[in-house]
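The chain contents come next:
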Amino acid sequence: MQERITGSLATTETGFRRLATAAAFVSLFAYSVLQFVTPSAINEIGKAFNISQSTLGGLYFTFAASFCVSVIYGGRISDRKGKLPVVAAGCIFITAGSTVFALTHNLVVAFTANLLMGFGGGLAEGIAMATISDLYNGPRRTAMLNWSQFVFAVGAILTSLGISALIAAGISWRVGFMGAAVLCAVAAFLAVWATVIRYEKPLAVAHGESNWREVLFDPIVFWLSIGLMLYVGAECGLTNWLAVFFKEDLATSSAFAASTVAFMWLGLGVGRAAATWISRRWTDVNIIRWGLALAAVSQAALLLVNSPIAALAIVTVIGFALGPMWPTILSCVGAAHPNRTGTVFGVVIAMGSFGNAIFTPAIGRLGDSVGTGYALWLCFSLLVINFVIFSMLRAGEKKRKVSR
């Protein structure tokens, strides 16, 4: 009888883990669709609202700022109340915001909807990543976080190609935001379902005495936060202005320019898939160092070539090099504080969002002044600085040796 009960409990636990993982993965896929409608359709959005690159950069800023706020406080709440309800709430905010953005022609309303989407994004993406970190340990954690971001990359690729096809067919880019709303509604349903059947305990142990300030000034978390901020600044800075760079500096069509985001994320997806294998052989920090070095060299090459086809190939290489950065840095964070992943992920991901909020709009302003091609050298600088930081960092090296 005891064996029968034990077997039943194991099956229930396995079922919950699978459903919780599915909810997190679908949430990340849906969020990626939302996030990459804007950079893929950036030229058309500018025309629709008759705004400059600087104002378009304001869209990126408001999104990232609201994301930053929600992921910090959502992380703390998720440690105490459970992560899946927070993920579900984030998806509901995104569904509302993306629906409004798809329907409005008023710039003020569009910015308000953008705030809603960013707020939901902090809960849906940041806490989904913390959920996965809770469900798996050691090298398996690094692998699953990379797989989850591979799914994110698939969403980015399909969104970019889809927006490019819509533009080529003369169909409004607004359809992309409606699609994101539907997908986020599905993700919310899965997260609620997993919450209802939750077996045993919350996904993380609550630490009532800890707070985000204490976590931030942990030396390892501090430097990993800076590293993620610089990575996000470089990756989002390039991705969000890639279509503008190809159209203005390399004189491609709007449809071709929109598709370039797909090639960036094709590289990112392949890089993350490769990292699931590499993570069993290399330390987390070594994965990050080599990726940053290759990305910096490739970024310089991108800004020196004049051929759109060559530039497209280089963009894919940049994506491949940057692919493991986000999930592998978060794996280091999860290993450092395994019992309060919501709080610590919230702090570190918020710093990443801060990088997006600062550097992406800065590139837009520089682009208005000196051209997008020159402005994108800022991404190269961020990659070099980040390489120097991780060359001196030791977090994750001993961990990987022990976990083997």
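In the block above lies the structure referred to throughout.
Residues numbered from 1 in each chain as written. Predicted model: local features only at pLDDT ≥ 70, side-chain atom pairs only at ≥ 80, totals over all residues. Heavy atoms only, no water.

Student: What is the right way to read the overall build of the protein chain from this model?
Tutor: For the protein chain, the count of helices and strands is 17 helices and zero strands. Taken across its 404 residues, the protein chain has 59% of its residues classed as buried. Restricting to contacts in the protein chain with at least 6 residues of sequence separation, those with at least 24 account for 86%. (Helix = DSSP H or I, 4+ residues; strand = E, 2+ residues; numbered from the N terminus. Buried < 20%, exposed > 50% of the residue type's maximum accessible area, 1.4 Å probe, protein only. Contact = heavy atoms within 4.5 Å.)

Student: Even after reading the chapter, I still don't get the nonpolar core, so can you show me in this structure?
Tutor: If you look at soluble globular proteins, the nonpolar side chains tend to sit buried side by side. In terms of nonpolar packing, the biggest core is built from 126 residues, with F101, F246, M264, W265, L302 and L322 touching the most fellow members. Tallying contributions element by element places helix α9 (residues 219-249) first for this core, with 17 residues. Residues in contact with M264, not counting those within four places in the same chain, are E235, L238, T239, L242, V315, I318, G319 and L322. (Core = buried A, V, L, I, M, F, W, Y, C linked by side-chain atoms within 4.5 Å.)

Student: Help me understand the packing of aromatic side chains, please; the structure alone is not making it clear to me.
Tutor: For any pair of aromatic rings, the description rests on two quantities: the centre-to-centre distance and the angle between the ring planes. According to the stated counting rule, one finds 18 aromatic pairs in the structure shown. Between F189 and W193, the ring centres sit 6.0 Å apart and the planes meet at 40°, which makes this aromatic pair tilted. Of the two residues, F189 and W193 both sit in helix α7 (residues 174-196), four residues apart, roughly one turn of that helix. Note on F189: relative accessible area 54%, which makes it exposed. Take W193: its relative accessible area is 44%, and that puts it in the partly exposed class. Taken together, the ring pairs in this structure connect Y31, F36, F63, F67, F152 and W265 into an aromatic cluster. The aromatic ring of Y136 is capped on one face by R17, whose charged end is 5.4 Å from the ring centroid. (Phe/Tyr/Trp six-rings, centres within 6.5 Å; stacked < 30°, edge-to-face > 60°. Lys NZ or Arg CZ within 6 Å of the ring centre and 35° of its normal.)

Student: In this structure, what is going on with the packing of helix α2 (residues 42-49) against α9? I would like to understand it.
Tutor: Each packed pair of helices is defined by two parameters, the angle between the axes and the distance between the axes. Remark: α2 packs on α9, axes separated minimally by 8 Å, with the N-to-C direction vectors making an angle of 85°. Comparing their axes, α9 and α2 come out roughly perpendicular. Judged by residue contacts, I42, N43 and K47 of α2 engage A243, V244 and K247 from α9. Taken together, the residues of the contact of α2 with α9 sort by class into three nonpolar, one polar and two charged. (Axes fitted to C-alpha atoms, helices over the stretch in contact; angles between N-to-C directions. Parallel < 35°, antiparallel > 145°, perpendicular 65-115°, else oblique. Nonpolar A, V, L, I, M, F, W, Y, C, P; charged D, E, K, R; others polar.)

Geometry only, nothing functional implied.
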